[in-house]
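Here are the chains, one letter per residue:
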Amino acid sequence: MRSLNILPSLPAGRGRVGAAELALAVATFTIGTGEFALMAVLPGVARSLGVSVPVAGHVISAYALGVVVGAPLITIIGAGLSRRRLLLVLQALFVVGNAASVLSPGYRSLFYARFLTGLPHGAFYGVAALVMAAMVEPGRRGRAVAGVFVGLTVAHVVGVPLTTWGGQLLGWRMMYGVITIMSVLALGLIARNVPEVAAEPSSAPLRELGALARPQVWFTLATGAIGFGGMFCVGTYMSEVLLTVTHAPVWVVPLAQSLWGVGMVAGNMAGARLVDVSPARAVVVTLAGSTLMSCLFPICAGNPGLILLVISLMGGIIALLPALQTRLMDVTGNAQVLAAALNHSAVNIANAFGAWLGGAVIAAGYGAQSVGWAGACLSAAGLAVFTLALVAQRLERRHMPA
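A quick note: this is a predicted structure, and the numbers were derived from the prediction, not measured.

Draft legend 1. Up close: the overall build of the chain. Of the regular secondary structure elements, the chain holds 18 helices and zero strands. Across the 402 residues of the chain, 54% fall into the buried class. Counting contacts in the chain only where the partners sit at least 6 residues apart, residues at least 24 apart contribute 84% of the total. As displayed, the chain offers around 16,100 Å² of accessible surface, 71% of which is attributable to carbon and sulfur atoms.

Draft legend 2. Up close: the nonpolar core. With 85 residues, the main nonpolar core has Leu24, Leu87, Phe124, Phe228 and Phe297 as its most contacted residues. Broken down by element, the residue count for this core peaks at ten residues, all from helix α6 (residues 121-134). Those residues in contact with phenylalanine 297 that lie beyond four places of it in its chain are Val234, Val241, Ile307, Val310, Ile311, Met314, Gln369, Val371 and Gly372. Listed in part, the eleven residues of the second largest apolar core include Leu38, Val41, Leu110 and Ile179.

Draft legend 3. Highlighting unusual backbone geometry. Here histidine 247, not a glycine, exhibits a phi torsion of approximately 60°, which is positive. One can find histidine 247 in the loop between α12 (238-244) and α13 (252-277). On the basis of relative accessible area, histidine 247 is assigned to the exposed category, the value being 62%.

Draft legend 4. Layout of helix α15 (residues 304-315). Taking 1.5 Å per residue, twelve residues should reach 16 Å; α15 reaches 17 Å between its end C-alpha atoms and fits that length. For α15, the set of buried residues is Ile307, Leu308, Val310, Ile311, Ser312, Met314 and Gly315. Buried positions along α15 lie against α11 (229-236), α12, α13 and α14 (279-300). Residue asparagine 303 occupies the N-cap position of α15, its side-chain oxygen lying 3.1 Å from the main-chain nitrogen of glycine 305.

Draft legend 5. Expanded view of the environment of glutamine 325. Summarising the element assignment, glutamine 325 is placed in helix α16 (residues 320-331). Sequence separation of glutamine 325 and leucine 342 is 17 residues, and the distance between their C-alpha atoms is 9.6 Å. Apart from residues no more than four positions distant in its own chain, glutamine 325 is found in contact with Gly126, Ala129, Val145, Phe149, Ala340, Asn343 and His344. Side chain to side chain, glutamine 325 and histidine 344 meet in a polar contact 2.9 Å long.

Draft legend 6. Broad picture of the packing of α13 against α14. Packing of α13 against α14 brings their axes to within 6 Å, and their N-to-C directions diverge by 135°. Considering the angle they form, α13 stands oblique to α14. Within the contact between the two elements, α13 uses Leu274, Val275 and Val277 and α14 uses Pro279, Arg281, Ala282 and Val285. Residue composition of the contact of α13 with α14, by class: six nonpolar, no polar and one charged.

Draft legend 7. Inspection of the confidence of the model for the chain at higher detail. Taken as a whole, the chain shows an average pLDDT of 83; of its residues, 89% reach a score of 70 or greater. Per-element confidence in the chain is highest for α14, whose mean pLDDT is 94, and lowest for helix α9 (residues 205-209), whose mean pLDDT is 62. Below a pLDDT of 50 lies the segment residues 1-12, which in the model reaches 37 contacts outside its immediate sequence neighbourhood of four places, other chains included.

Draft legend 8. The packing of aromatic side chains, seen in detail. Counted by the stated rule, this structure contains five aromatic pairs. Ring centres of phenylalanine 353 and tryptophan 356 lie 5.6 Å apart, and the angle between their planes is 25°; this geometry places the pair in the stacked category. With phenylalanine 353 and tryptophan 356 both in helix α17 (residues 336-363) and three residues apart, this pair spans about one turn of that helix. The exposure class of tryptophan 356 is exposed, given its relative accessible area of 54%. Linked through ring pairs, Tyr107, Phe111 and Tyr112 together constitute an aromatic cluster.

Rules and cut-offs
Residues numbered from 1 in each chain as written. Predicted model: local features only at pLDDT ≥ 70, side-chain atom pairs only at ≥ 80, totals over all residues. Heavy atoms only, no water. Helix = DSSP H or I, 4+ residues; strand = E, 2+ residues; numbered from the N terminus. Buried < 20%, exposed > 50% of the residue type's maximum accessible area, 1.4 Å probe, protein only. Contact = heavy atoms within 4.5 Å. Areas by Shrake-Rupley, 256 points an atom, 1.4 Å probe, with all protein chains shown as cover. Core = buried A, V, L, I, M, F, W, Y, C linked by side-chain atoms within 4.5 Å. Expected span 1.5 Å × (residues − 1). Polar contact = N/O pair within 3.5 Å; in protein donor to acceptor, adjacent residues only side chain to side chain. Axes fitted to C-alpha atoms, helices over the stretch in contact; angles between N-to-C directions. Parallel < 35°, antiparallel > 145°, perpendicular 65-115°, else oblique. Nonpolar A, V, L, I, M, F, W, Y, C, P; charged D, E, K, R; others polar. pLDDT = per-residue confidence, 0-100. Phe/Tyr/Trp six-rings, centres within 6.5 Å; stacked < 30°, edge-to-face > 60°.

Set out below in structure tokens:
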């Protein structure tokens, strides 16, 4: 796909790009760790707050709700800010939200603290991706955008297991205390290393909302909201399948989680190069791979070695994230920031819907491994939506005046 090349470019050397990329990777590492670490210590949270585990689980939903609400809201409000200043404001919100989580005296206050922490999530990732893409030549945009997500993928390999262990040993409040300190460190690195990228002179809320008038934006967001659901449908119930279908020992679960994270790192790196060749092709390849891996998941569930291999390969589906992020840069015209942020709202919708669908097929009596077939349906449906997008785009170009 032809890039519109409307991002403001910066005369940045490799050192400057590397320093900015490191600052943003530290930030996304912290964000990813803070988002997922609570899942593994949820029983301890429930005990300390005097609520049931299902009720405590609503705290996780509060974060996802904050992402969905905050991405468009904050982006529209901050449309006129320079992108560096907007990143600093968003990172400061992470600091406040994580600190409030540490100090929350009860369930309700923790619920609101996690909602607050989720608000800047989508806007931060979207703006960070735009900043990195602006610092490199068009042929390296995919790798630049993927660099933003390196921190998120490494969080699954290192950050989440370490903070989970610390949370189990010292308590979940101490866990969020460490995450708060990491958030402050990331804030300082952003302030020092991320250059100014001015907002477009005519940036305004109405202009950003103009992105929503473009059909290809909706096609791309729908692709993520549906297609990404396959990964979450399987990932949410991965531990259940390993314990009840594979009959693996308990220690295999954290091993599987780490292998999933390793797959995410590898997929992010490999997918970035494919994105630089063609974002559309990267989306197609990733969703096709997701469909295949989801089908293999129930087939291999009874074999410990094969299921761990499939799990590691499924982590590579994260390559869809920079692929969709880069495609949005190509189809949003001059209303970049809102669409980039909405990409992460779409991912969180996929998270919620994928987890719900997986639970529904298990509750219907099809067995825990059936989440693989449900995930394959979602991935295939996302691929179908994107195919329609490509057909619509081709027809649109055919009818454009010469």
